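Understanding the architecture of this molecule
Listed below are the residues making up each chain.
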Amino acid sequence: MYREYTSGQSVLLPEEQKTKLNTYSMHVKEALAKEKLGKEELIAMISAGGEERELLFRHAIEVKNKYVGKKVYFRGLIEFSNICSKDCYYCGIRKSNTKVKRFNLSDDQILEAANYAYENNYASIVIQGGEIDSEAFTRRIELLLREIKERSNEELGITLSLGEQSKETYQRWKEAGAHRYLLRIETSKPELYHKIHPLDSSHDLDARNRCLLALKELGYQTGTGVMIGLPFQTVEDLADDLLYMQEIDVDMVGMGPYIEHADTPLYHYKNELLPIRERFDLTLNMIASLRILMKDINIAAATALQAIDPVGREKAVRIGANVIMPNVTPGLYRNDYSLYENKPCTDEDPDQCKNCMDVRIQLADGEIGYGEWGDSKHFLKRKQLLENS
Ligand code: SAM
Ligand code: SF4
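In this text the structure is predicted, and so the values were computed from the model without any measurement.

**Observations regarding the overall build of the protein chain**
- In terms of helices and strands, the protein chain carries 15 helices and 13 strands.
- Looking at the protein chain residue by residue over its 389 residues, the buried ones come to 60%.
- Here the analysis covers contacts within the protein chain between residues at least 6 apart in sequence; of these, 73% occur between residues at least 24 apart.

**Notes on helix H10 (residues 235–247)**
- When the terminal C-alpha atoms of H10 are compared, their 18 Å separation across 13 residues agrees well with the 18 Å that a helix rising 1.5 Å per residue should span.
- Burial analysis of H10 places ten of its 13 residues in the buried class, the great majority of the element.
- Burial in H10 covers these residues: Val 235, Glu 236, Asp 237, Leu 238, Ala 239, Asp 240, Asp 241, Leu 242, Tyr 244 and Met 245.
- At the C-terminal side of H10, Asp 249 shows a positive phi close to 60°.

**Structural notes on the nonpolar core**
- Counting 108 residues, the largest nonpolar core has Leu 160, Met 245 and Met 255 as the members making the most contacts within it.
- Ranked by residue count, the leading element in this core is helix H11 (residues 276–293), at nine residues.
- With sequence-adjacent residues up to four places away left out, Met 245 is seen in contact with Thr 224, Gly 225, Val 226, Val 250, Val 253, Met 255, Leu 290 and Met 294.

**Comments concerning the environment of Phe 57**
- Tracing the backbone shows Phe 57 in helix H4 (residues 50–67).
- Along the backbone, Phe 57 and Asn 285 are 228 residues apart, and their C-alpha atoms lie at a distance of 7.8 Å.
- What Phe 57 contacts, discounting residues up to four positions off in sequence, is Leu 284, Asn 285, Ala 288, Arg 318 and Ile 319.

**Some points on the site of ligand 2**
- Neighbouring ligand 2 are the residues Cys 84, Lys 86, Cys 88, Tyr 90, Cys 91, Ile 93, Arg 94 and Gly 130.
- Tallied by class, the residues present in the shell around ligand 2 amount to five nonpolar, one polar and two charged.

**A few points about the pattern of salt bridges**
- All chains considered together, the criterion is met by 25 salt bridges.
- For Asp 240, the salt bridge identified is with Lys 39, shortest N-O distance 3.0 Å. Taken together, the residues span a long stretch of sequence, with Asp 240 in helix H10 and Lys 39 in helix H3 (residues 39–46) at a distance of 201 residues.
- A relative accessible area of 17% places Asp 240 in the buried class.
- Taking the relative accessible area as the measure of exposure, Lys 39 reaches 33% and is therefore partly exposed.

**A word on the site of ligand 1**
- Contacts to ligand 1 come from 16 residues, most closely from Tyr 90, Gly 129, Arg 184, Glu 186 and Ile 259.
- The separation between an oxygen atom of ligand 1 and a polar side-chain atom of Glu 186 is 2.6 Å.
- In terms of residue class, the shell around ligand 1 is made up of nine nonpolar, four polar and three charged.

**Re a nonpolar patch on the surface**
- Taken together, the side chains of Val 311, Val 359 and Leu 363 make up a nonpolar region of the molecular surface, amounting to roughly 270 Å² of accessible area.
- Mapped onto the fold, Val 359 is located in helix H14 (residues 350–363).

**Describing H3**
- Burial analysis of H3 places six of its eight residues in the buried class, which makes it a mostly covered element.
- Restricting attention to buried positions, one finds in H3 the residues Glu 41, Leu 42, Ile 43, Ala 44, Met 45 and Ile 46.

**So, the packing of aromatic side chains**
- Within this structure, the stated rule accounts for nine aromatic pairs.
- Seen in terms of ring centroids, Phe 74 and Tyr 370 are 5.7 Å apart; in terms of plane orientation they differ by 80°. Their pairing is edge-to-face. Residue Phe 74 is found in strand S3 (residues 71–74), and its partner Tyr 370 is found in the loop between strand S13 (367–368) and helix H15 (377–388); the two are separated by 296 residues along the sequence.
- Overall, Tyr 370 belongs to the partly exposed group, its relative accessible area being 29%.
- Centre to centre, the rings of Tyr 116 and Tyr 122 are 6.3 Å apart; their planes meet at 90°, and the pair counts as edge-to-face. Tyr 122 carries the same exposure label as Tyr 116, and that label is buried.
- Through successive ring pairs, a cluster of aromatic residues spans Phe 74, Tyr 116, Tyr 122 and Tyr 370.

**With respect to the pairing of strand S6 (residues 157–161)**
- In terms of burial, S6 is largely enclosed, as five of its five residues are buried.
- Both faces of S6 are covered, namely the face carrying Gly 157, Thr 159 and Ser 161 and the face carrying Ile 158 and Leu 160.
- Sheet topology places strand S5 (residues 124–129) next to S6; five bridges connect them, and they run parallel. When the bridges of S6 are listed, Val 126 appears paired with Thr 159.
- For the handedness criterion, the β-α-β arrangement of S5, helix H6 (residues 135–151) and S6 is classed as right-handed.
- Both S6 and strand S7 (residues 180–182) contribute to a ladder of two bridges, which runs parallel. The residue bridging Thr 159 from the neighbouring strand is Arg 180, located in S7.
- What joins S6 to S7 is helix H7 (residues 167–176), and the crossover it makes is right-handed.

**Considering the packing of H10 against H11**
- Packing of H10 against H11 leaves a shortest axis separation of 11 Å and a crossing angle of 35°. The way H10 lies across H11 gives a crossing that is right-handed. Residue-level inspection shows Leu 238, Leu 242, Met 245 and Gln 246 of H10 in contact with H11, the latter providing Leu 282, Met 286, Ser 289, Leu 290 and Leu 293.
- Along the lines of polarity and charge, the residues of the contact of H10 with H11 split into seven nonpolar, two polar and no charged.

Cut-offs used in this document
- Residues numbered from 1 in each chain as written.
- Chains lettered and ligands numbered in written order.
- Predicted model: local features only at pLDDT ≥ 70, side-chain atom pairs only at ≥ 80, totals over all residues.
- Heavy atoms only, no water.
- Helix = DSSP H or I, 4+ residues; strand = E, 2+ residues; numbered from the N terminus.
- Buried < 20%, exposed > 50% of the residue type's maximum accessible area, 1.4 Å probe, protein only.
- Contact = heavy atoms within 4.5 Å.
- Expected span 1.5 Å × (residues − 1).
- Core = buried A, V, L, I, M, F, W, Y, C linked by side-chain atoms within 4.5 Å.
- Near = heavy atom within 4 Å.
- Nonpolar A, V, L, I, M, F, W, Y, C, P; charged D, E, K, R; others polar.
- Salt bridge = Lys/Arg side-chain N within 4 Å of Asp/Glu carboxyl O.
- Polar contact = N/O pair within 3.5 Å; in protein donor to acceptor, adjacent residues only side chain to side chain.
- Patch = residues over 30% accessible without salt bridge, like charges linked within 9 Å, V, L, I, M, F, W, Y side chains within 5 Å.
- Areas by Shrake-Rupley, 256 points an atom, 1.4 Å probe, with all protein chains shown as cover.
- Phe/Tyr/Trp six-rings, centres within 6.5 Å; stacked < 30°, edge-to-face > 60°.
- Pairing = 2+ DSSP bridges.
- Right-handed = clockwise from strand over helix to strand, strands pointing away.
- Axes fitted to C-alpha atoms, helices over the stretch in contact; angles between N-to-C directions.
- Left-handed = near helix turned anticlockwise from the far one by under 90°.

Now the structure itself:
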């Protein structure tokens, strides 16, 4: 999946060229036998194909069953607004995309979606949307959190995914009832980060890192993730991304394939991307490798996988993921939360989504942990250690 560049960097390339151009000598078997996985081992695992890939998956399934079990936990996803102050070059709802019809669900619609998740025993929701930095926005989320907690008898677990905010804001939201936060680093490599974001103070990798640190300090179950198959991205970058996740000791990860969107600046590079099916395969390799590297964290099967393969998320569950985020946003608004092309299920309502999910998880040899929060075991251990120290 990669080739040697004259600079010594390997860019992602189609599968058929892999054997010819693979200059890494380590085999997956050798990598898996190592006590500590470093960059070289991870590169071998991420770029595995054929029998080596089967070996990687078998090992990841064993690790998953041993450390987190077969349960898959649901997080009802509420994509409540596509209004965003940022201009990430890859994202369909970026501020400068004038073709998007902007929406912002009413409080009642959000509460209704949360109630749907509660009544259907999902046990947790994720509230996700564009990034807004204002007191009115902070206050609105704070009040919604309190209301959702009250209406669900404190039973519904709440994850937020609302981008970079001040530590005070994160604290207010935590006190109001949120206990998990997802903030993808997108890529841990500064050069690549700068290529996929505008070069300005609101798109700053260091600031994002500071946010992740603040979330951990505040006691959130902290999640991050990256996009896989970005233009300019190398296998080395992806191995470094996994080592980054290990180094910052995250509790949860949600990573998925990059999918181009015609109304974004990165679309310019569409002909230089790895074919979509290979981005999909690479994502599964990344998930399996991460499961082996960070055995007891929660790993979400990204919705973007399903945009490529109708049972993409279930394939991810089989080889390492243990969280799925079924969309509970009212169907009417889903088309407008279009981050990338072919976003799945955008014309279905939550009931239709639920029925297809039940069947799909069984296909992936998983059991749905209905009614359970399914908190990250890694987080629970980390918390225990902190309390004992
Ligand atoms: N605004 C918040 C943030 O950026 O953290 C949350 C919403 S944002 C839409 C959620 C995630 O969508 C991002 O972290 C990014 O990784 C992903 N995303 C955006 N555009 C994408 C694309 N073209 N392909 C795949 N994932 C994409
Ligand atoms: Fe906004 Fe998030 Fe999209 Fe960036 S990825 S433009 S912050 S919604």
